[in-house]
Amino acid sequence: MRPVRRLRPPMLRAALWLASASAMIALVVAMIGLRVDLAERLSHAWEVAQLAAAVATAVLAAIAAFHLSLPDRSERWALLPLPGFAMWVASLGWGCVSDFLRFGPDGLALGTSWSCLGFILAFSVPTGAAMLFMLRHAGRTRPLATGVAAITSVAMLASVGLSLVHYLDAAVMVLFWHVGSVLAVVAVGGALSSPVMQVASPIEPRWRSTRAA
């Protein structure tokens, strides 16, 4: 049999991917420029909590994806990003409450911002493709869980980049368009992950996935 090159440790691969995706975000931000009200917005605790939770979710989801791609790791790694995601949504909800207390019902006025969806989709396509290529060997292991975790990391990083360059004046707008866009990307990526990984997987392993504590 042909010798098989061992994969790098999942933490190292996650770090490499996060570094490359972060560099891409930095490049996009440098090209577009930071939003003019960023300093003022970061004076609000919920804005800081939103960014911190989004970054944490992206990091945890990337780690989970690279662990889930290995057959000897527990499926419970899929739960790793959930606390960060819950904190992200909670921080956005906190912002909605804060806007309501300051502005009344006008603070919950919902407008349209298709550019949010467009930005997250545009960023997610190249970075998601790179992530799925790095995880292509997981095609016969647990492709759906791996793909969902991977695309969650991708979409959350896109949301962070969007928050740095795009102006939305109401927390409810951020809640609806950011969360909606992330969920849409995750749903599409999850639906495509199984067939993509099944096709891209270079070998047909003869072992079955095992569960580790």
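Rules and cut-offs
Residues numbered from 1 in each chain as written. Predicted model: local features only at pLDDT ≥ 70, side-chain atom pairs only at ≥ 80, totals over all residues. Heavy atoms only, no water. Helix = DSSP H or I, 4+ residues; strand = E, 2+ residues; numbered from the N terminus. Contact = heavy atoms within 4.5 Å. Areas by Shrake-Rupley, 256 points an atom, 1.4 Å probe, with all protein chains shown as cover. Core = buried A, V, L, I, M, F, W, Y, C linked by side-chain atoms within 4.5 Å. Buried < 20%, exposed > 50% of the residue type's maximum accessible area, 1.4 Å probe, protein only. Salt bridge = Lys/Arg side-chain N within 4 Å of Asp/Glu carboxyl O. 1 Å grid on protein atoms, 1.4 Å probe; cavity = no way out; pocket = protein on both sides within 12 Å on 5 of 7 lines; lining within 4 Å. Points joined across faces, edges and corners; volume = space filled by probe spheres on them. Patch = residues over 30% accessible without salt bridge, like charges linked within 9 Å, V, L, I, M, F, W, Y side chains within 5 Å. Axes fitted to C-alpha atoms, helices over the stretch in contact; angles between N-to-C directions. Parallel < 35°, antiparallel > 145°, perpendicular 65-115°, else oblique. Left-handed = near helix turned anticlockwise from the far one by under 90°. Nonpolar A, V, L, I, M, F, W, Y, C, P; charged D, E, K, R; others polar.

Peer 1: So what about the overall build of the chain? Which residues, and what values?
Peer 2: A count of helices and strands for the chain gives 7 helices and 0 strands. When the helices and strands of the chain are placed in sequence order, the string is α-α-α-α-α-α-α. At a minimum sequence separation of 6, the contacts of the chain that also span at least 24 residues come to 87%. Put simply, the chain shows about 11,200 Å² of open surface, and 71% of that area lies on carbon and sulfur atoms.

Peer 1: Outline the nonpolar core, listing residues and values.
Peer 2: Within soluble globular proteins, side chains that are nonpolar tend to cluster in buried spots. Within the largest apolar cluster, 40 residues are counted, with the highest numbers of intra-cluster contacts made by Trp-17, Trp-88, Met-131, Leu-157 and Val-182. Those elements that provide at least two residues to this core are helix 1 (10-32), helix 3 (45-68), helix 4 (82-103), helix 5 (114-134), helix 6 (143-165) and helix 7 (171-200). Setting aside residues up to four positions removed in sequence, Leu-157 forms contacts with Trp-17, Leu-18, Ala-21, Ile-25, Ala-58 and Phe-123.

Peer 1: Help me get a handle on the pattern of salt bridges, residues and values and all.
Peer 2: Within the structure shown, the criterion is met by 1 salt bridge. Between Arg-73 and Asp-72 there is a salt bridge, and its shortest N-O distance comes to 3.4 Å. The partly exposed category is assigned to Arg-73, whose relative accessible area is 24%. A relative accessible area of 41% places Asp-72 in the partly exposed class.

Peer 1: Describe empty space enclosed by the protein, listing the residues and the values that go with them.
Peer 2: In this approach the atoms are scanned with a rolling probe the size of a water molecule, which exposes any empty space left behind. Counted under the stated rule, the structure contains 2 cavities of 30 Å³ or more. A volume near 40 Å³ is recorded for the second largest cavity. In terms of lining residues, the second largest cavity is bounded by Arg-35, Leu-38, Arg-41, Leu-42, Glu-47, Gln-50, Leu-51 and Ser-163. Of all elements in the fold, only helix 2 (38-41) and helix 3 reach the threshold of two or more residues within the lining of the second largest cavity. In terms of residues, the lining of the second largest cavity owes the most to one element, helix 3, which gives 3 residues.

Peer 1: An account of a nonpolar patch on the surface is needed here, citing residue identities and associated values.
Peer 2: A grouping of Leu-27, Met-31 and Ile-32 is seen on the molecular surface, where their side chains present a nonpolar patch of about 350 Å² in accessible area. Checked against the element boundaries, Leu-27 lands in helix 1.

Peer 1: Requested: an account of the environment of Ile-151, with residues and values cited.
Peer 2: Relative to the elements of secondary structure, Ile-151 occurs in helix 6. Taking the C-alpha atoms as reference points, Ile-151 and Ala-61, separated by 90 residues in sequence, lie 8.3 Å from one another. Each residue touching Ile-151, except ones within four places of it in the same chain, is listed here: Gly-128, Val-185, Val-186 and Gly-189.

Peer 1: So what's going on with the side chain of Thr-127? Residues and values would help.
Peer 2: Within the secondary structure layout, Thr-127 lies in helix 5. With residues near it in sequence (within four places) discarded, Thr-127 still touches Trp-17, Met-24 and Val-154.

Peer 1: How would you summarise the packing of helix 3 against helix 6 if you had to cite specific residues and measurements?
Peer 2: Taken N-terminus to C-terminus, the directions of helix 3 and helix 6 make an angle of 155 degrees; their axes are 8 Å apart at the nearest point. Judged by the inter-axis angle, helix 3 sits roughly antiparallel to helix 6. Between helix 3 and helix 6 the crossing geometry is left-handed. In this structure, helix 3 contributes Gln-50, Leu-51, Ala-54, Val-55, Thr-57, Ala-58, Ala-61, Ala-62, Ala-64, Ala-65 and Leu-68 to the contact, and helix 6 contributes Ala-145, Thr-146, Ala-149, Ala-150, Thr-152, Ser-153, Met-156, Leu-157, Val-160 and Ser-163. Residues of the contact of helix 3 with helix 6, tallied by class, amount to 15 nonpolar, 6 polar and no charged.

Peer 1: Residue-level account of the packing of helix 1 against helix 3, with values.
Peer 2: Two elements in contact, helix 1 and helix 3, have axes separated by 8 Å at closest approach and are oriented at 135 degrees. It follows that helix 1 is oblique to helix 3 by the angle criterion. Considering only the axes of helix 1 and helix 3, their crossing is right-handed. Residue-level inspection shows Pro-10, Met-11, Arg-13, Ala-14, Trp-17 and Leu-18 of helix 1 in contact with helix 3, the latter providing Ala-58, Val-59, Ala-62, Ile-63, Phe-66 and His-67. Across the contact of helix 1 with helix 3, the residue classes tally to 10 nonpolar, 1 polar and 1 charged.

Interpretation note: all reported values are geometric properties and have no functional meaning in isolation.
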